[in-house]
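# Results of the structural survey
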Amino acid sequence: MDFPYLLLLLLLLAIGAYVFGTRKAMAVANAGGGIRSLHSLPSHYGALTVVAAVLPAFCIAILWQAVEPSVLTGLLRAGLPPETQGLSASEFSLIINDIKNVVAGNFTPGADQTAILEAAERYIELQDISDQLLTGIVLLLAAVSTALVYRRITVRLRARNIVEGVLKALLILCSAFAIFTTIGIVLSVLFEAIRFFKIVPAHHFLFGLDWSPQMAIRADQTGSSGAFGAVPVFAGTMLIALIAMIVAIPIGLLSAIFLSEYASERLRTIAKPLLEILAGIPTVVYGFFAALTVAPLIRDLGLHFNLPVSSESALAAGLVMGIMIIPFVSSLSEDVLHAVPQSLRDGSLALGATRFETVKNVIVPAALPGIVGGVLLAVSRAIGETMIVVMAAGLSANLTANPFKAVTTVTVQIVTLLVGDQEFDSPKTLAAFALGLVLFFFTLFLNFIALRVVQKYREQYE
Amino acid sequence: MSRSERPPIGETPQRSLTEKIGKDLPRRYRAEKRFRRLGLAAVIVALSFLVFLFGSIIGSGYTAFRQTYIELSVTFDEAAFASENLAAADFPGLVKQSLRSMFPEVRERSALKQLYRIVSPSAAYTLQDMVARNPNLIGSTQKIWVLADDDVDMLLKGQISSEGEEANRRLKDNQLAWITSLREQGRIETRFNTTFFTAGDSREPEQAGIRGAVMGSFFSLLITLLLSFPIGVMAAIYLEEFAPDNLWTNIIEVNINNLAAVPSIIFGLLGLAIFINFFGMPRSTPIVGGLVLTLMTLPVIIIASRASLKSVPPSIREAALGIGSSKMQTVIHHVLPLALPGMLTGTIIGMARALGDTAPLLMIGMIAFIVDIPGGVTDPATALPVQIFLWADSPERAFTEKTSAAIMVLLAFLIIMNAAAVILRKKFEIKW
């Protein structure tokens, strides 16, 4: 039976179990002194029966799904001709792929590939057996555990406590997903990065000045043995983030101050949502805007002033990224400005300071930690932003501080190294994970500091 | 202040201070005004970026909603349908023949090639579909509107020029002459571009559509919604209502806050390494895309749901507990229904973000060129923002307007989702 149908079957079982459990509870109650003698509501007994019917069966089904492919492949391997069994892991996975394609009907093997055709038939057979086995086990398990609980339903069974305990365990499991995700991220980038650092020493990667990850395919090719010094990539990332912040900080901060200290209520209600639209636009749209409109504009301007501007200049990418980050800076700083107590404002104005002086000498200094935290969050955003730089920044790693030249960034390199490549044993693809590791920990560091600063600051005035 | 410097009687020190301040006042007021203007200018600059962005997208994309068609009179020659198999018939030949009959003066091979090129290669499939639907057409002559080639389309929309050096032009002089003659005969028309909404991707701009990408996005978001909403809400309930204040809870909270700020491409790396390489899930499929987007959206939903739970006043909980309901019953029967609208709002906003996100999908291979429209979560697919990225990279001029049009569709979806969130919030917002 297919997995979705199995789930549907479990759902039906659950409904049935609920009805039976509730009825049994009512029957028990009626026999022994009325409904008030029950420990829990009848529906709790129903729910308990549902838990018994579904939970073990569901766990088994999920586990089965996870284990099934590797077991099937193992069985398949045992059935293949001996010369195939001696192949390396990657070649063998190709054969398995072929077999699966035959099963899916995407591929018809030639006359000399009878082994594959036979294997495909075996695969279908094995899968059928596995499906039937799973269905049988699930049904059996559901029936047995339901029967066990059903028999134990008495007036004194504390059904509510058990059901609520299970529910609470489920809630805890859900909240632990955040931890699983973090562990998943760390493990996935760490493992591949360690494999990379076994090939390329970590200090070469972190301090090397030459980045050209294209590897020679044949041994006799010259010139492209691959160089993995990531400093130009980091420098490019910083350059673009710097340009973005030069655009975003003044505009974002000034708009935040204007909107929270000066603007009339009407202007605020119009301007704020409009600014937030900027934050809601997908980054791929900014990337298209940067590549199609802004980059040519800047290049033409450069030609006008006799400046050699690359058509993938860091300036274009940074500028558009800055625009994207404006609402981020402005909404974070506005929150912070709002948190400054009104009494500080009133005190300063009462001393005869103008509003500008109040802002300059009282509000901004008071809000500074929060603003710095917000800016740090924005920097982390700029560094991790992908689509704008993929579409508007360059691929070649130049170590330069000239904003008119093309530079590349960490995220661009990750995308170019991984898109279209399925091999996971070349340093080229593994380098992407090493870059990902650096990116993850760097942004994590920034976020951590920023969140701490903002939190400390909020507590100060609460 | 020494005795001798004391001001003469009648002039108090107060007044001189006022004078001093008064002297300074214009300068201070000027600074005040300057700063105010600067702030206003910042807001205006930010908003003008918005206008500029929208203007540039709409300006280069609105033409994509209309497409150029050419009328051919095709003779379905019986000789061409000698074989039983309909697909074996030479439909491209029929198109070519009808073009030749319209311009009988063209004889040279190279000129003929140019002539054939003004009609889209899809014309043959249009004919094939017609005959498959109505075999009685064989033997008759029909007037049929077929798609024009993208260069012709671009010319009529004024996006490529008919002037300048012939060698540098996409359309040559004789092609221009034929197009002019067709226009004079009323055989060229622009119509609403239905292909754009019904077709999958294509290498030919005039045959490319967003349906496949939209369906891919739909299936991915379906997975995301089905997983992230229940998990997010349950996590929020635990953290807000049940969690004791201990180290474990603290770790979870720090984790959620950090995950909300992790770059999306990192989630793509996670999907590639864990879901595809470790669990062996199929590449390029909405199910993997949906899982990755789920992990990305979860923190957003959890944070919004917690805020929503927090806004339910404690009196509700106390009342429920007071009449004897358990903690779990209190939450499920009384707190959750009141917090649900806020949670839904947060979920919609999270889904809107997931819809626009591209980078993690590139990592898990949803960037392949896929013509077929996906029919389920395990079919290879791409997504709307990835389609935009792919088209933006295509060199053909006609793909630029398609890209802009696809962006307009994406933005329309986002606006609808955000508007729904705002309406939901307005409608169910309770001021306690």
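Rules used throughout
Residues numbered from 1 in each chain as written. Chains lettered and ligands numbered in written order. Predicted model: local features only at pLDDT ≥ 70, side-chain atom pairs only at ≥ 80, totals over all residues. Heavy atoms only, no water. Helix = DSSP H or I, 4+ residues; strand = E, 2+ residues; numbered from the N terminus. Rg over C-alpha atoms; globule rule 2.2 N^0.38 Å. Buried < 20%, exposed > 50% of the residue type's maximum accessible area, 1.4 Å probe, protein only. Contact = heavy atoms within 4.5 Å. Areas by Shrake-Rupley, 256 points an atom, 1.4 Å probe, with all protein chains shown as cover. Lys, Arg positive; Asp, Glu negative; His and termini not counted. Charge placed at Lys NZ, Arg CZ, Asp CG, Glu CD. Salt bridge = Lys/Arg side-chain N within 4 Å of Asp/Glu carboxyl O. Buried area = accessible area lost by both parts, 1.4 Å probe. Polar contact = N/O pair within 3.5 Å; in protein donor to acceptor, adjacent residues only side chain to side chain. Expected span 1.5 Å × (residues − 1). Phe/Tyr/Trp six-rings, centres within 6.5 Å; stacked < 30°, edge-to-face > 60°. Lys NZ or Arg CZ within 6 Å of the ring centre and 35° of its normal. Patch = residues over 30% accessible without salt bridge, like charges linked within 9 Å, V, L, I, M, F, W, Y side chains within 5 Å. Axes fitted to C-alpha atoms, helices over the stretch in contact; angles between N-to-C directions. Parallel < 35°, antiparallel > 145°, perpendicular 65-115°, else oblique. Left-handed = near helix turned anticlockwise from the far one by under 90°. Nonpolar A, V, L, I, M, F, W, Y, C, P; charged D, E, K, R; others polar. Domains from an automatic or database assignment. Core = buried A, V, L, I, M, F, W, Y, C linked by side-chain atoms within 4.5 Å. Pairing = 2+ DSSP bridges.

### Focus: the overall build of chain B
Looking only at helices and strands, chain B has 16 helices and three strands in total. Relative to its length of 432 residues, chain B is extended, with a C-alpha radius of gyration of 33 Å against a globular reference of 22 Å. By principal-axis analysis of the C-alpha atoms, chain B measures approximately 115 × 75 × 40 Å. Taken across its 432 residues, chain B has 50% of its residues classed as buried. Put simply, of all contacts in chain B between residues at least 6 apart along the chain, 76% involve residues at least 24 apart. By element, 59% of the accessible surface of chain B is carried by carbon and sulfur atoms, the whole surface being about 21200 Å². Of the side chains in chain B, 42 bear a positive and 38 a negative charge, and the two mean positions are spaced by 12 Å.

### With respect to the pattern of salt bridges
All names here are of chain B. Overall, the coordinates contain 16 salt bridges over all chains when judged by the stated rule. For Lys327, the salt bridge identified is with Glu241, shortest N-O distance 4.0 Å. Of the two residues, Lys327 sits in helix 13 (residues 327-356) while Glu241 sits in helix 8 (residues 211-242), which places them 86 residues apart along the sequence.

### Focus: the environment of Phe91 of chain B
Residues and elements named next belong to chain B. Within the element layout of this structure, Phe91 appears in helix 2 (residues 91-102). For Phe91, a relative accessible area of 2% corresponds to the buried category. In sequence terms Phe91 and Phe76 are 15 residues apart; their C-alpha atoms lie 9.0 Å from each other. In this structure Phe91 touches Phe81, Leu86, Ala124, Leu127, Gln128 and Val131, once residues within four positions along its chain are discounted.

### Brief notes about the interface of chain B and chain A
Accessible area lost upon the coming together of the parts is a frequently used measure of interface size. Taken residue by residue, the interface counts 74 residues in chain B and 77 residues in chain A. Here chain B meets chain A over a buried area of about 6600 Å², counting both sides, of which 81% is carbon and sulfur. Looking at the side of chain B facing chain A, the largest losses of area belong to Phe35, Phe49 and Leu53 of chain B, adding up to 9% of the total buried there. At the junction of chain B with chain A, the criterion picks out one salt bridge. At the boundary of chain B and chain A, one finds 10 residue pairs in polar contact (both at pLDDT 80 or more). Element by element, the count of residues in the side of chain B that touches chain A is highest for helix 1 (residues 13-61) of chain B, at 22 residues.

### Details of helix 10 (residues 264-278) of chain B
Residue and element names in this part refer to chain B. End to end, helix 10 covers 20 Å across 15 residues, agreeing with the expected 21 Å (1.5 Å per residue, within 8%). Within helix 10, 12 of the 15 residues are buried, which leaves it mostly tucked inside the rest of the structure. Residues of helix 10 that are buried include every one of Ser264, Ile265, Ile266, Phe267, Gly268, Leu269, Leu270, Gly271, Leu272, Ala273, Phe275 and Ile276, and no others. Following helix 10 by one or two positions, Gly280 has its phi on the positive side, about 70 degrees.

### Quick notes on unusual backbone geometry
At Asn306 of chain A, a residue that is not glycine, the phi angle is positive and equals roughly 60 degrees. Mapped onto the elements, Asn306 of chain A comes out in the loop between helix 11 (283-304) and helix 12 (314-339).

### Focus: the packing of aromatic side chains
Taken as a whole and judged by the stated rule, the model has 20 aromatic pairs over all chains. Taken together, a centroid distance of 6.0 Å and an interplanar angle of 10 degrees make the contact between Phe192 of chain B and Phe197 of chain B stacked. On the basis of relative accessible area, Phe197 of chain B is assigned to the partly exposed category, the value being 33%. The rings of Phe196, Phe197, Phe205, Trp211, Phe228 and Phe234 of chain A are connected pair by pair, giving a single aromatic cluster. The ring of Phe369 of chain B has Arg203 of chain B lying over it, and the distance from NZ or CZ to the ring centre is 3.7 Å. Between Lys327 of chain B and the ring centre of Phe242 of chain B, over which it is positioned, the NZ or CZ distance is 5.9 Å.

### Notes on the environment of Leu48 of chain A
Residue and element names in this part refer to chain A. Examined against the element boundaries, Leu48 turns out to sit in helix 2 (residues 42-79). Accessibility expressed as a relative area gives 8% for Leu48, which makes it buried. Distance in space between the C-alpha atoms of Leu48 and Val166 is 9.2 Å, their sequence separation being 118 residues. In this view, Leu48 contacts Val149, Leu157, Ala159, Ile162 and Val163; residues no more than four positions away in its chain are not counted.

### Some points on a nonpolar patch on the surface
Together, Tyr5, Leu8, Leu11, Leu12, Ile15, Tyr18 and Val19 of chain A make up an exposed nonpolar region whose accessible area comes to about 700 Å². Within the secondary structure, Leu8 of chain A sits in helix 1 (residues 3-31).

### Comments concerning the packing of helix 10 (residues 265-280) of chain A against helix 12 of chain A
All names here are of chain A. Contact pair helix 10 / helix 12: the axes reach a minimum separation of 7 Å and the direction vectors enclose 130 degrees. Compared by their axis directions, helix 10 and helix 12 come out oblique. The way helix 10 lies across helix 12 gives a crossing that is left-handed. Together, Arg268, Lys272, Leu275, Leu278 and Ala279 of helix 10 and Ile323, Ile326, Pro327, Ser330 and Glu334 of helix 12 make up the contact between the two elements. Here the residues of the contact of helix 10 with helix 12 are counted per class, giving six nonpolar, one polar and three charged.

### Things to note about the domain arrangement of chain B
Each domain of chain B was delimited in the assignment, giving domain 1 (12-62), domain 2 (66-195) and domain 3 (211-428). The C-alpha-based centres of domain 1 of chain B and domain 2 of chain B are spaced at 60 Å.

### Observations concerning the nonpolar core
Counting 176 residues, the largest nonpolar core has Trp211, Tyr286, Ile414 and Leu435 of chain A together with Phe267 of chain B as the members making the most contacts within it. If one sorts the elements of this core by residue count, helix 9 (residues 231-262) of chain A sits on top with 17 residues. Phe267 of chain B has contacts with Thr181 and Ile185 of chain A together with Leu259, Val262, Val292, Leu295 and Met296 of chain B, leaving out every residue within four places of it along the chain. In terms of nonpolar packing, the next biggest core, distinct from the first, is built from 38 residues, Ala89, Leu115, Tyr116 and Val152 of chain B among them.

### Some points on the domain arrangement of chain A
Split by domain assignment, chain A resolves into domain 1 (3-175) and domain 2 (227-461). Placing a centre on the C-alpha atoms of domain 1 of chain A and another on those of domain 2 of chain A gives a separation of 48 Å.

### Remarks on the side chain of Thr382 of chain B
Residues and elements named next belong to chain B. Looking at where Thr382 falls in the secondary structure, it is placed in the loop between helix 14 (359-363) and helix 15 (384-393). The class of Thr382 is buried, set by a relative accessible area of 3%. For Thr382, the side chain forms a polar contact with the main-chain oxygen of Met366, separated by 3.2 Å.

### Some details on the environment of Ala319 of chain B
Residues and elements named next belong to chain B. Inspection of the secondary structure assignment puts Ala319 in helix 12 (residues 314-322). With a relative accessible area of 48%, Ala319 lands in the partly exposed category. Residues Ala319 and His334, 15 residues apart in the sequence, show an inter-C-alpha distance of 9.7 Å.

### A word on the sheet that holds strand 3 (residues 188-192) of chain B
Strands belonging to one sheet form pairs held by backbone hydrogen bonds; the direction of such a pair is parallel or antiparallel. Residues and elements named next belong to chain B. On the basis of which strands lie adjacent, the open sheet formed by three strands has the order 2-1-3 and antiparallel pairing. Only two strands of the sheet have a single neighbouring strand rather than two, namely strand 2 (141-147) and strand 3. Adjacent strand axes in the sheet meet at a mean angle of 40 degrees when their direction is disregarded. Here five bridges tie strand 1 (residues 66-75) to strand 3, and the two strands are oriented antiparallel to one another. Bridged to Arg66 within strand 3 is Phe192.

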